[in-house]
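Residue-level structure breakdown
What follows is each chain in one-letter form.
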Amino acid sequence: MKKRAIGYIRVSTDEQTTEGVSLAAQRAKIKAYCTTKDLELVQVIEEGGRSAKNLDRPGFQTVLDLVARGQTDAVVILKLDRAFRNTVDALTVAKDFDRRGVALHSIQESLDTKSALGRFFFTLTAALAEMERGLISERTKAALQHKKANNERVGKIPFGFQLDADGRKLLPCPQERSVLARIRKLRKRGLSCREIAGLLNQKKTPTRNGQPWTGVWIGRLCCEHLKVFADVQ
């Protein structure tokens, strides 16, 4: 009889449109892998818009439950980081699978924890992957700190600012600062965010994206741009 297998596929929010890691692409590669390895793919657990920073994910908890109930002989993932983001989680799960006689297959790394050599490379790969993610995180934080120290753009341009001619540094935007000043005055008078939005639309006050003002947007400006409001005189 063929060994039973369940697949696990995951994307985080910012990866859902990225070529090569979409849910459909992962599903197709897992199906092809199971055919090649003569595994019977009985189910594919799908996890959309979830990070793998820990194991507290509904989809992966379903995988663990199926393994605990003896419903599969193997778990197949496209890549190690689809299931794990740190070495401890990876090793803990792999040890539990091994105790239950369940193999963990990672297609991209060519890993199969059923053998001693496979478990060794699994441990090594998990540790190297965590180290790489740590280094990337450190470099990213250093780059962002450098940009902030030099008043360079970091992320989206907040309302009330504009980029300089080089497109690198943030400068005050007089037109939007004028709008912020007006919102601040209206808020001091006790007007609600919805009432302020109505007045701005009535006066045909332009927005950055050309869409009408809304109470939600006004409220967001008041909450997210407190420093900007404080700077506006």
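Residues numbered from 1 in each chain as written. Predicted model: local features only at pLDDT ≥ 70, side-chain atom pairs only at ≥ 80, totals over all residues. Heavy atoms only, no water.

What follows deals with the sheet that holds strand E2 (residues 39-48). Taking strand neighbours across the sheet as the criterion, the five strands line up as E2-E1-E3-E4-E5 in an open arrangement whose pairing is mixed. If you trace the sheet from one side to the other, it starts and ends with E2 and strand E5 (111-112), each paired once. Note: strand E1 (residues 3-11) against E2, nine bridges, orientation parallel. In the sheet register, alanine 5 faces E2, and the bridge partner there is leucine 41. (Pairing = 2+ DSSP bridges. Helix = DSSP H or I, 4+ residues; strand = E, 2+ residues; numbered from the N terminus.)

Of note, the phi angle at aspartate 38 is positive, near 60°, even though the residue is not glycine. Along the chain, aspartate 38 turns up in the loop between helix H1 (23-36) and E2. We note that lysine 204 has phi near 55°; this positive angle belongs to a residue other than glycine. Among the structural elements, lysine 204 can be located in the loop between helix H7 (193-202) and helix H8 (215-224).

The subject of this paragraph is the pattern of salt bridges. Overall, the coordinates contain nine salt bridges when judged by the stated rule. In this structure, the salt-bridge partner of arginine 27 is glutamate 46, at a minimum N-O distance of 2.9 Å. Of this pair, arginine 27 sits in helix H1 while glutamate 46 sits in strand E2, placing them 19 residues apart in sequence. Overall, arginine 27 belongs to the partly exposed group, its relative accessible area being 26%. Classification of glutamate 46 by relative accessible area gives partly exposed; the value is 46%. One salt bridge connects lysine 79 with aspartate 81, and the closest N-O pair in it is separated by 3.8 Å. It is possible to trace a salt-bridge network through shared partners that takes in Lys79, Asp81 and Arg82. (Salt bridge = Lys/Arg side-chain N within 4 Å of Asp/Glu carboxyl O. Buried < 20%, exposed > 50% of the residue type's maximum accessible area, 1.4 Å probe, protein only.)

The values reported here are purely geometric and, on their own, carry no functional implication.
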